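In case you want the letters, here they are:
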Amino acid sequence: MIDPSEFLTFIEKRFQYICGVPCSFFKEFLAYLTAHEKNTRIKHIYSTREDEAIGIASGIAFSGKKALIYMQNSGLGNIGDALTSLAQLYKLPMLMLLSYRGLEIDKDFPEHSLMGEVNEPFLKVLKVPYWNLSEDNWETEMKTATKTMIETSSPVALLVEKGVLCQ
Amino acid sequence: MMKGFEVISALKKHLRKDDIIVSSNGNISREAYHVLPRPQVYLRGSMGLPIAVGLGLALTNPKKNVLVITGDGNFLMGLGSSTTAAYYKPRNLKILILDNMKYYTTGGQKTVSSVINYAKFLDSLNIEYTDSKRASQDQIEHDLSELLGSETFSVLHLHINEGKKDLDNIAWHPEEITDRFCTRLAKSS
Ligand SMILES: Cc1ncc(C[n+]2csc(CCOP(=O)(O)OP(=O)(O)O)c2C)c(N)n1
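All of the points below concern the structure found in this document. Each chain has its residues counted from 1, running along the sequence as written. Starting at A for chains and at 1 for ligands, labels are handed out in the order in which the entities are written. Where local features are concerned, this predicted model is filtered to residues with pLDDT of at least 70; where side-chain atom pairs are given and counted, the filter is 80 or more; whole-chain, interface and lining totals use all residues. Here the side-chain values reflect all heavy atoms present in the structure, with hydrogen atoms and water set aside.

Considering the site of the ligand
Phase 1 of the analysis: In these notes, residues near a molecule or strand are those with any non-hydrogen atom within 4 Å of it. Around the ligand, a shell composed of 14 residues is seen, among which G73, N74, K102, Y104 and T105 of chain B lie nearest.
Phase 2 of the analysis: The environment of the ligand is shared, with nearby residues belonging to chains A and B.
Phase 3 of the analysis: We call two N or O atoms a polar contact when they sit within 3.5 Å, provided that within protein one can donate a hydrogen and the other can accept it, with sequence-adjacent residues counted only if both atoms are side-chain atoms. At 3.0 Å, a side-chain N or O of N100 of chain B approaches an oxygen atom of the ligand.
Phase 4 of the analysis: Here an oxygen atom of the ligand sits 2.8 Å away from a polar atom, N or O, in the main chain of K102 of chain B.

Things to note about a nonpolar patch on the surface
Phase 1 of the analysis: A patch consists of residues whose relative accessible area exceeds 30% and which take part in no salt bridge; residues with like charges are grouped when within 9 Å of each other, and nonpolar side chains (Val, Leu, Ile, Met, Phe, Trp, Tyr) when within 5 Å. Throughout, the Shrake-Rupley method with a 1.4 Å probe supplies accessible areas, and for residues the shown protein chains are the sole cover considered. Within this document, salt bridges are pairs made up of a side-chain nitrogen of Lys or Arg and a carboxyl oxygen of Asp or Glu, the two lying within 4 Å of each other. On the surface, a cluster of nonpolar side chains totalling about 250 Å² of accessible area is made up of L114, V118 and F122 of chain A.
Phase 2 of the analysis: By the secondary structure assignment, F122 of chain A is in helix 5 (residues 113-125). Under the DSSP-based scheme used, a helix requires at least four consecutive residues in state H or I and a strand at least two consecutive residues in state E, with every element numbered from the N terminus.

Quick look at the pairing of strand 4 (residues 94-99) of chain A
Residues and elements named next belong to chain A.
Phase 1 of the analysis: Strand 4 sits mainly inside the fold: 6 of its 6 residues count as buried.
Phase 2 of the analysis: In this fold, the crossover linking strand 3 (residues 67-72) to strand 4 by way of helix 4 (residues 80-87) has right-handed handedness.
Phase 3 of the analysis: When strand 4 meets strand 6 (residues 155-160), the two strands line up parallel, connected through 6 bridges. The partner of S99 across the bridge, within strand 6, is V160. Partly exposed describes any residue whose relative accessible area lies between the buried limit of under 20% and the exposed limit of over 50%, with all areas from a 1.4 Å probe on protein chains only and scaled to the type maximum. The path from the first strand over the helix to the second decides the hand: if it runs clockwise while the strands point away from the viewer, the crossover is right-handed. Any two strands between which DSSP finds at least two bridges are classified as paired.

Examining the interface of chain B and chain A
Phase 1 of the analysis: In this description, contact between two residues means that some pair of their heavy atoms is separated by no more than 4.5 Å. Contact with chain B, which involves 30 residues of that partner, is made by 23 residues of chain A.
Phase 2 of the analysis: In this assembly, chain B packs against chain A so that about 2000 Å² is buried in total across both faces, 67% of it on carbon and sulfur atoms.
Phase 3 of the analysis: What gets called buried area is simply the loss in accessible area from a 1.4 Å probe that two parts show on being joined, summed for both. Broken down residue by residue, the surface that chain B buries against chain A is led by L49, T60 and Y88 of chain B, which jointly contribute 23%.
Phase 4 of the analysis: Where chain B packs against chain A, one counts 0 salt bridges.
Phase 5 of the analysis: Those elements that place two or more of their residues in the side of chain B that touches chain A are strand 2 (41-42), helix 3 (50-60), helix 5 (79-88) and helix 8 (174-188) of chain B.
Phase 6 of the analysis: Residue polarity follows a fixed list, in which Ala, Val, Leu, Ile, Met, Phe, Trp, Tyr, Cys and Pro are nonpolar, Asp, Glu, Lys and Arg are charged, and the others, Gly among them, are polar. When its residues are assigned to classes, the side of chain B that touches chain A shows 17 nonpolar, 11 polar and 2 charged.

Digging into the pattern of salt bridges
Residue and element names in this part refer to chain B.
Phase 1 of the analysis: In the structure shown here, the tally under the stated rule is 12 salt bridges over all chains.
Phase 2 of the analysis: The salt bridge involving R91 is made with E151; its shortest N-O contact spans 3.7 Å. Residue R91 is located in the loop between helix 5 and strand 4 (93-99), and its partner E151 is located in the loop between helix 7 (137-149) and strand 8 (154-159); the two are separated by 60 residues in the primary sequence.
Phase 3 of the analysis: The class of R91 is partly exposed, set by a relative accessible area of 40%.
Phase 4 of the analysis: We classify E151 as exposed; its relative accessible area is 57%.

Some thoughts on unusual backbone geometry
Phase 1 of the analysis: Along the chain, R38 of chain B connects to P39 of chain B via a cis peptide bond; the corresponding omega equals -5°.
Phase 2 of the analysis: The topology assignment puts P39 of chain B in the loop between helix 2 (27-35) and strand 2.
Phase 3 of the analysis: One non-glycine residue, K127 of chain A, lies in positive phi territory at about 60°.
Phase 4 of the analysis: On the secondary structure map, K127 of chain A appears in the loop between helix 5 and strand 5 (130-133).

Regarding the sheet that holds strand 6 of chain A
Residue and element names in this part refer to chain A.
Phase 1 of the analysis: Strands sit in the order 2-1-3-4-6-5 across an open sheet of 6 strands; the sheet is parallel. What marks the edges here is a single partner per strand, and that holds for strand 2 (43-46) and strand 5. For this sheet, the mean inter-axis angle between neighbouring strands, taken without regard to orientation, is 25°. To obtain an axis, a line is fitted to C-alpha atoms, over the contacting stretch when the element is a helix, and the angle between two such axes runs from 0 to 180 degrees between their N-to-C directions.

Some remarks on the packing of helix 1 (residues 4-11) of chain B against helix 2 of chain B
Residues and elements named next belong to chain B.
Phase 1 of the analysis: Direction vectors running N to C along helix 1 and helix 2 enclose 40°, while the axes themselves pass 10 Å from each other. For the pair helix 1 and helix 2, the crossing hand works out as right-handed. Across the interface between the two elements, G4, F5, I8 and S9 of helix 1 pack against I28, E31, A32 and V35 of helix 2.
Phase 2 of the analysis: When the residues that make up the contact of helix 1 with helix 2 are grouped by side-chain class, the tally is 5 nonpolar, 2 polar and 1 charged. Should the near helix be turned anticlockwise from the far one by less than a right angle, the crossing is left-handed, and should it be turned clockwise, the crossing is right-handed.

Side note on the layout of surface pockets
Phase 1 of the analysis: We place a 1 Å grid over just the protein atoms. Points where a 1.4 Å probe fits but has no way out form a cavity, open points with protein on both sides within 12 Å along at least 5 of 7 lines form a pocket, and any residue with an atom within 4 Å of a point lines it. Grid points are joined across faces, edges and corners, and a volume is the space filled by probe spheres set on the points. The volume enclosed by the largest pocket comes to roughly 330 Å³.
Phase 2 of the analysis: In terms of lining residues, the largest pocket is bounded by 24 residues, among which N25, K102, Y103, Y104 and T105 of chain B are the most central.
Phase 3 of the analysis: Looking at the second largest pocket, its volume works out to about 180 Å³.
Phase 4 of the analysis: In terms of lining, the second largest pocket is formed by 14 residues, of which the most central are K91, L92, P93 and S153 of chain A together with T178 of chain B.
Phase 5 of the analysis: With 4 residues, the single largest contributor to the lining of the second largest pocket is helix 8 of chain B.
Phase 6 of the analysis: Among the residues making up the lining of the second largest pocket, the classes are represented as 6 nonpolar, 3 polar and 5 charged.

What follows is the structure in structure tokens.
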């Protein structure tokens, strides 16, 4: 697992806000964030839906600030229009952490199987650039994703497998 | 009752120079673009998200008023974001619901808005609100001025008559909307 304190230190330098809907794959990181909400610069906004989180991040981006968004990949099914008719269309930068549910490890969770299968093609069809976030190389991957987000002024994604931001 | 574009026109004299407007997709954005000072955040799509966008803008611009103008169809599609906004209650966020009980833009099909008791619903969010049913023009003028002058997060729900002005489409591509709006914000902050 990535050390949550190192991860928080990294993101609070680059993002002023974090918002989203949780997945157990983010459990330890989100617990650490919540425990440190008072002394971190990044502001945490809870959301009722993933498309709402994209909407909030869009308002933040219209003000020249940046939001990191976290969601389960099932939430990808909720954000198509928020991406294509808002964040991508209006050129609003934001970084999405998507949990990668539905892989072999999730074989007891049939609700994630199909999204697990179509997750990457889905991102490709939506023209969202994406990378994997790994325990060993996360800083480089975060930097690459953030750089593309800024250069293209558009949403980008990182896929987060089990064990990377949770135990 | 007034028509939507009449209410939007009436807003003009209550707005301050730095006020930010977010308008929901369809007729409302078009009317906001043609009638009110430019540039603002005119949503062309993302139905259901105007309050979420307004919340993001309000949090990042604490010294400016952010007014979200939303149709009932948009409001209902993003009903959850009214609870999120009420949870954070940014004092500079104001929401104006123009309720014609219809998806007017797509041909006047009914929404399910008529089932809601807005006074009870908004009251349950523990926020400041006004529910103006079948209000006269004078009452609406008064309510708009209260909404924009309020020092707390507030919502004004107005029943309106259907009807629109024939207006050209918004001339700016969304990328141009972003550019112009960001330039305006950079100048005023
Ligand atoms: C996700 C999505 N579904 C449907 C539409 C089509 N659509 C455009 S405007 C609109 C009606 C919006 O209704 P409301 O917010 O009440 O505003 P009004 O048209 O009554 O002014 C609809 C259904 C859309 N743009 N996006």
